[in-house]
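Now for the letters of each chain:
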Amino acid sequence: MNPLKDKIQAYIEDIQATSIEKFQDRAAEVEMFRVKYLGKKGIISDLFEQFKAVPNDEKKDLGKALNMLKVAAMDKIEEFKSFVEEHEAEEQAHDLTMPTDFAQLGSRHVLSVVLNEITDIFSRIGFTVAESVEIEDDWHLFSALNFPPDHPARDMQDTFFVEKEEGKQEVALRTHTSSVQVRVMEKTKPPIRIIAPGRVFRNEAISARAHCIFHQVEALYVDKNVSFADLKQTLLYFAKEMFGEQTQIRLRPSYFPFTEPSAEMDISCSVCGGKGCNICKGTGWLEILGCGMVDPNVLQACGIDPKEYTGFALGMGVERMAMLKYQIRDLRLYFENDLRFLKQFEAIV
Ligand code: DAH
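Residues numbered from 1 in each chain as written. Predicted model: local features only at pLDDT ≥ 70, side-chain atom pairs only at ≥ 80, totals over all residues. Heavy atoms only, no water.

Visitor: Tell me about the overall build of the protein chain, residues and numbers included.
Guide: Helix and strand counts for the protein chain come out as 12 helices and 10 strands. For 349 residues, the compact-globule formula gives about 20 Å, and the C-alpha radius of gyration of the protein chain, at 42 Å, lies well above that figure. Projected onto the principal axes, the alpha-carbon positions of the protein chain cover approximately 130 × 55 × 35 Å. Looking at the protein chain as a whole, 42% of its 349 residues are labelled buried. Considering only contacts within the protein chain whose residues lie at least 6 apart along the sequence, 66% involve residues at least 24 apart. Of the accessible surface of the protein chain, which amounts to about 20100 Å², a share of 52% is contributed by carbon and sulfur atoms. Charged side chains of the protein chain number 42 positive and 55 negative; the gap between the two group centres comes to 5 Å. (Helix = DSSP H or I, 4+ residues; strand = E, 2+ residues; numbered from the N terminus. Rg over C-alpha atoms; globule rule 2.2 N^0.38 Å. Buried < 20%, exposed > 50% of the residue type's maximum accessible area, 1.4 Å probe, protein only. Contact = heavy atoms within 4.5 Å. Areas by Shrake-Rupley, 256 points an atom, 1.4 Å probe, with all protein chains shown as cover. Lys, Arg positive; Asp, Glu negative; His and termini not counted. Charge placed at Lys NZ, Arg CZ, Asp CG, Glu CD.)

Right, dumping it as structure tokens:
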């Protein structure tokens, strides 16, 4: 048998054993392979040269082998090509140098926006922010604030108690931020001028108009000669800053255990300007907050001499402020984190 035949067979095996996956530089090595076998001076053309000198009776057999070699080389190149095409598409799909689809920036929650605004308004007239615990004892929540022992707020139906055992200090989630008043007065000598923003908790069924978690801002001013006129002027300033220069206020007598006298403040309806609409239920007024002169019993309980000092306090709900300012109709929207709701406040910072 012609020795060329063995050689051809060895080449075929070499071709079949060649795998593009082992190539380091795919394009260059594919080209090298092509030149090696199918180039003008490559193995196959060289073999065809030699083939000319093969004796005629061996030509048929050897020619067949030579053709098989050529087909094997060409098939291999086809295989390389489709491999490259397939992988290029895949590699492009994972091109790490491509610009990314930028993650969308979030925006401030409407409650934070309103809270910041309230804080800002009070800070312009010298109030600083005081913060305190959300889990409070009975003293700071009720007793020091002059709540009588049988006040309904001490009832399980209104308050989430953490600990309520006979003879033990009662501990609860704070039902109002008025507790911060007590905390501050206990450890600060007047003059005191603080606002206390924060979360509060009440045992309420969740609906469009009530929630078990909400936010309040408490304000407290204690000094010598603080009068109801100071309170009224502060309220008017706040209402105008918050709801616009044209806003009017009115005070209605009310009752809170920790203030005497106590009042509730209404503002002229910010939607209809006082003419009457469905937001103000036709009255022209919107109820905004509770306030009053700090009860002397409260000052006394916190170690401040009520003969020397007087003070005023006020408390408001942040959700309610935001509802009135942006005409939000359902309290639950604040806590559902529905982007369609949140995105409406993107432009306000
Ligand atoms: N703590 C009251 C509440 O949760 C709000 C309040 C009313 C606070 C009158 C005050 C105030 O400081 O003077 O409903």
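Visitor: Report on the packing of aromatic side chains, specifying residues and quantitative values.
Guide: The tally for this structure, following the rule as stated, stands at 15 aromatic pairs. Here Tyr334 and Phe341 contribute two aromatic rings whose centre-to-centre distance is 6.3 Å and whose plane-to-plane angle is 75°, an arrangement assigned as edge-to-face. What makes Tyr334 buried here is its relative accessible area of 1%. For Phe341, a relative accessible area of 6% gives the class buried. Stacked on the ring of Phe51, the Lys or Arg Lys59 has its end atom at 5.6 Å from the ring centre. (Phe/Tyr/Trp six-rings, centres within 6.5 Å; stacked < 30°, edge-to-face > 60°. Lys NZ or Arg CZ within 6 Å of the ring centre and 35° of its normal.)

Visitor: With reference to specific residues and values, describe the environment of Ala239.
Guide: By secondary structure assignment, the location of Ala239 is in helix 8 (residues 228-243). The exposure class assigned to Ala239 is buried, which follows from its relative accessible area of 1%. The spatial distance from the C-alpha of Ala239 to the C-alpha of Glu117 is 12 Å, given a sequence separation of 122 residues. With sequence-adjacent residues up to four places away left out, Ala239 is seen in contact with Gly244, Thr247, Ile249, Met265 and Ile267.

Visitor: Could you give an account of the domain arrangement of the protein chain, naming the residues involved and the relevant values?
Guide: The assigned domain composition of the protein chain is domain 1 (3-93) and domain 2 (110-345). One C-alpha centre belongs to domain 1, the other to domain 2, and the line joining them spans 87 Å. (Domains from an automatic or database assignment.)

Visitor: Account for the sheet that holds strand 9 (residues 285-294), naming residues and giving values.
Guide: Taken together, seven strands build an open sheet; the order of strands is 1-5-6-10-9-8-7 and the sheet is mixed. What marks the edges here is a single partner per strand, and that holds for strand 1 (128-129) and strand 7 (249-256). Pairing between strand 6 (residues 213-223) and strand 10 (residues 310-317): eight bridges, direction antiparallel. The residue bridging Glu218 from the neighbouring strand is Gly315, located in strand 10. (Pairing = 2+ DSSP bridges.)

Visitor: Hey, could you go over the packing of helix 1 (residues 3-17) against helix 4 (residues 56-93) for me, with residue numbers and the actual values?
Guide: Two numbers describe how helix 1 lies on helix 4: the axes approach to 10 Å, and their chain directions differ by 15°. With respect to helix 4, the axis of helix 1 lies roughly parallel. At the point where helix 1 passes helix 4, the crossing takes the left-handed sense. Residues Leu4, Lys5, Ile8, Tyr11, Ile12, Ile15 and Gln16 of helix 1 touch helix 4, and the partners they reach there are Asp61, Leu62, Ala65, Leu66, Met68, Leu69, Ala72, Ala73 and Lys76. Within the contact of helix 1 with helix 4, the residues separate by chemical class into 12 nonpolar, one polar and three charged. (Axes fitted to C-alpha atoms, helices over the stretch in contact; angles between N-to-C directions. Parallel < 35°, antiparallel > 145°, perpendicular 65-115°, else oblique. Left-handed = near helix turned anticlockwise from the far one by under 90°. Nonpolar A, V, L, I, M, F, W, Y, C, P; charged D, E, K, R; others polar.)

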